[in-house]
Amino acid sequence: MKYNLTGTQYAASKYNEYQVRENCQLMDFLSRQMSGISRNRLKDILRGKGVSVDRQVVTRHDFQLKPGMVVRVSKHRRSTELRSQWIKIIYEDKYIVVVDKAPGILSMAATPRQFCVKNILDKYFQQRHFGCHAHVVHRLDQFTSGLLVYAKTIEAARTLQTDWKSYCYDRRYIAVVCGRMKAEGGKLESWLHDDKNYVTHSSPVETEGSKHAVTYFHTLRATDQYSLVELRLETGRKNQIRVHMADMGHPVVGDQKYGNARNPLDRLCLHAFRLYLTHPVTGERLEFQTPYPTAFLRLVGGAQE
């Protein structure tokens, strides 16, 4: 489809435009107009020649603005922005970063120098001169995709790690599981423990070293071969969803570890699509959600409502 844009519309598609109403320095003006972006990131935009004043590129953060001037900030991606096949940044401020992780990459390294999301973020922060590191708050299995939050300060990390259950008030997954789910919904509850080979086992009663796990499920669509299921975690144990679905006799599609050799999509069919949390510093309620993977929907012959 082709669109014909006027000069004004074309400019609006390329820039965010702001009118100056009082004497001030450029950095102070940008900080007020773009409050969700850190000062370090704004400096990066300036260095990348992404800001113009009255159509003249300006790179000095202390440039003096006067009433009537027009400031434009480019919407184009700069070379310093993160470009990765493994993660996409959904949200970022000076305290936290939320990413959408692809399947097949670890949240953090299990051994030294192992490739993981944390490594990608650390390199990204270094390239942008942020002077910080990615601190792991929670994790997703290597072959699970979806939303993850990392802290950019030790203080934010400690706050979230200490009381994660209170700060993360809704976390949900979508999964394709084997067979037709007969139950419309329900609660799965057991005690999980790992053996010496790091395989998680489930027990209806507490055993030494086990951890209590609770998962709620809701069946969205079911066929004779597969079912599309939404899952909400009350606890966040290792492999919790995968083990609980296997307990029901409906292992996650592509989960060879817990009882399913079929892998029609060449991936584990589990995706963390919702992450609702309270900001560890500002107290703001942040709600992030991604669409269900289209491949999951095709597998069960349905469309997302």
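Refer to the preceding data block for the structure.
Each chain has its residues counted from 1, following the order in which its sequence is written. Selection of residues for local features in this predicted model requires a pLDDT of at least 70, selection of side-chain atom pairs for listing and counting requires 80 or more, and totals for whole chains, interfaces and linings are taken over all residues. In computing side-chain properties, one takes all heavy atoms of the structure into account and sets aside hydrogens as well as water.

1. Observations regarding helix H4 (residues 117-127)
Along H4, the residues that are buried comprise Val117, Ile120, Leu121, Asp122, Tyr124 and Phe125. Secondary structure follows DSSP: runs of H or I at least 4 residues long count as helices, runs of E at least 2 residues long count as strands, and numbering of each begins at the N terminus. Following H4 by one or two positions, His129 has its phi on the positive side, about 60°. Three labels apply to residues, based on accessible area from a 1.4 Å probe with only protein chains included: buried if under 20% of the type maximum, exposed if over 50%, partly exposed otherwise in between.

2. What to know about unusual backbone geometry
Phi is positive for Arg113, close to 70°, though the residue is something other than glycine. By secondary structure assignment, the location of Arg113 is in the loop between strand E8 (96-101) and H4.

3. Quick look at the layout of surface pockets
Grid points spaced at 1 Å and placed over the protein atoms alone form the basis of the search, with a cavity being a set where a 1.4 Å probe fits but cannot get out and a pocket an open set showing protein on both sides within 12 Å along at least five of seven lines. Lining residues have an atom within 4 Å of a point. Grid points are joined across faces, edges and corners, and a volume is the space filled by probe spheres set on the points. One number sums up the size of the largest pocket: a volume of about 1500 Å³. Those elements that place two or more of their residues in the lining of the largest pocket are helix H6 (164-167), strand E11 (168-178), strand E12 (185-194), strand E15 (226-233) and helix H7 (240-247). Looking at the lining of the largest pocket element by element, the count peaks at five residues for E11. Note on residue categories: nonpolar means Ala, Val, Leu, Ile, Met, Phe, Trp, Tyr, Cys or Pro, charged means Asp, Glu, Lys or Arg, and polar means any other residue, Gly included. In the lining of the largest pocket, the residues fall into 18 nonpolar, 15 polar and 16 charged.

4. Observations regarding helix H5 (residues 154-162)
Along H5, the positions that sit buried rather than exposed are Ala156, Ala157 and Leu160. Taken down its axis, H5 places every buried residue within 100° of arc, on the same side. The outward face of H5, more than 90 degrees from its buried face, is lined by the exposed residues Glu155, Arg158 and Thr162. Residue contacts follow a heavy-atom distance rule, with two residues in contact if any of their heavy atoms lie within 4.5 Å. Contact partners of the buried residues in H5: E8, strand E9 (135-136), strand E10 (145-151), H6 and strand E16 (270-278). It is the directions from the helix axis to the C-beta atoms that the arc portrays.

5. Notes on the pattern of salt bridges
Salt bridge criterion: a side-chain nitrogen from Lys or Arg within 4 Å of a carboxyl oxygen from Asp or Glu. Under the criterion given, the structure shown has 13 salt bridges. Asp62 is the partner of Arg60 in a salt bridge, and the nearest nitrogen-oxygen pair spans 3.2 Å. The closest approach of N and O atoms between Glu230 and Arg172, which form a salt bridge, is 2.9 Å. Placement of Glu230 in strand E15 and of Arg172 in strand E11 is noted, with a sequence separation of 58 residues between them. The class of Arg172 is partly exposed, set by a relative accessible area of 22%. One salt-bridge network, held together by shared partners, links Asp170, Arg172, Glu230 and Arg274.

6. Thoughts on the pairing of E16
One face of the sheet, then the other: side chains in a regular strand alternate in exactly this way. Counting buried positions over the nine residues of E16 gives nine, a clear majority of the element. Here, any two strands with at least 2 DSSP bridges between them count as paired. Pairing geometry for E10 and E16, over two bridges, is parallel. Note on E16: the bridge partner recorded for Ser145 is His271. The pairing of E11 with E16 spans seven bridges and is antiparallel. Within E16, the position partnered with Arg171 by the bridge is Leu275. Note: E16 against strand E17 (residues 285-289), five bridges, orientation antiparallel. Note that in E17 the partner of Leu275 across the bridge is Phe288. Hairpin connection, E16 to E17: the antiparallel pair is bridged by six residues, and Gly283 has positive phi, about 80°.

Geometry only, nothing functional implied.
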